[in-house]
Amino acid sequence: LGSHKIVHWKLHVVDDLVVSGPGGQLYAFAFLLAYALPVSFVSALLVTYVAPHAGGSGIPEIKAYLNGISMPQAFTFRTWLSRSLGLLLVTSAGLFAGTEGPFAHLGGIVAAGFSDGLIINGKSLWPIILMGHRNRCELISQGAAMGVAAA
């Protein structure tokens, strides 16, 4: 929804620039380029330096974790923040980014957060029966399915 509003704003500015007079199309192109380059650069910085697991589609990370491979950085808040902000920036810049894979990963990250439960003073308030690798895998697969459904 945020990307949609940014795109509407961009198109409104482009329309105003095109009808502004001679050279309006060149100014509109320059505006689109001046928006897309820094936004893409920020998105690339997020993936490179903040959370490398936020790059790509996200489906390989989910499949690997569900197959038993430990990936501790794939389901962190930093990865969630970098992926969601990067996806917003990339789609608003007009670059091609499929949403199904990133939304599946975002859903898996949120579900992984739920699987950890609420921890206060080092004590988990989550019922012991809902903890463990098997339940975490079930929650992550359900979160990924909800992410795909949301896309």
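Up top is the structure these notes are about.
Residue numbering note: each chain is counted from 1, following its sequence as written. Per-residue local features of the predicted model are confined to residues with pLDDT of at least 70, and side-chain atom pairs are confined, for both listing and counting, to 80 or more; whole-chain, interface and lining totals are unaffected and use all residues. With hydrogens and water stripped out, all remaining heavy atoms of the structure feed into the side-chain values.

Engineer: Is there a simple way to think about the packing of aromatic side chains in this case?
Structural biologist: Where two aromatic rings form a pair, the distance of their centres and the angle of their planes describe that pair. For Phe, Tyr and Trp, where Trp contributes only its six-membered ring, two rings pair if their centres lie within 6.5 Å, and the inter-plane angle classes them as stacked under 30 degrees, edge-to-face over 60, or tilted in between. Counted under the stated rule, the structure contains four aromatic pairs. On the basis of an interplanar angle of 65° and a centroid distance of 6.3 Å, the ring pair of Trp-9 and Tyr-35 is categorised as edge-to-face. Here Trp-9, found in helix H1 (residues 2–18), pairs with Tyr-35, found in helix H2 (residues 24–50); they are 26 residues apart in sequence, far enough to count as distant. By relative accessible area, Trp-9 is classed as partly exposed at 45%. An aromatic cluster of at least three residues, connected via ring pairs, comprises Trp-9, Phe-31 and Tyr-35. The helix and strand labels rest on DSSP assignments: H or I over at least four residues marks a helix, E over at least two residues marks a strand, and numbering proceeds from the N terminus. Accessibility here uses a 1.4 Å probe with only protein chains present; expressed as a share of the type maximum, an area under 20% marks a residue as buried, one over 50% as exposed, and anything in between as partly exposed.

Engineer: How should I be thinking about helix H4 (residues 77–93) in this particular structure?
Structural biologist: An α-helix turns once every 3.6 residues. As a result, residues three or four positions apart point the same way. An ideal rise of 1.5 Å per residue puts 24 Å on 17 residues; H4 measures up with 24 Å between its terminal C-alpha atoms. Three or more residues of H4 are buried, namely Thr-79, Ser-82, Arg-83, Gly-86, Leu-87, Leu-89, Val-90, Ser-92 and Ala-93. In this fold, the buried residues of H4 make contact with H1, H2 and helix H5 (100–116). Of the residues flanking the end of H4, it is Gly-94, one or two places downstream, whose phi is positive at about 90°. A helix is expected to reach a length of 1.5 Å times the quantity of its residues less one. For this analysis, residues touch if any pair of their heavy atoms sits within 4.5 Å.

Engineer: What exactly am I supposed to notice about helix H6 (residues 133–150) here?
Structural biologist: Over its 18 residues, H6 extends 25 Å from the first C-alpha to the last, a length consistent with the 26 Å expected when each residue adds 1.5 Å. Burial in H6 covers these residues: Asn-135, Arg-136, Cys-137, Ile-140, Gly-143, Ala-144 and Gly-147. In this structure, the buried residues of H6 make contact with helix H3 (59–66) and H5.

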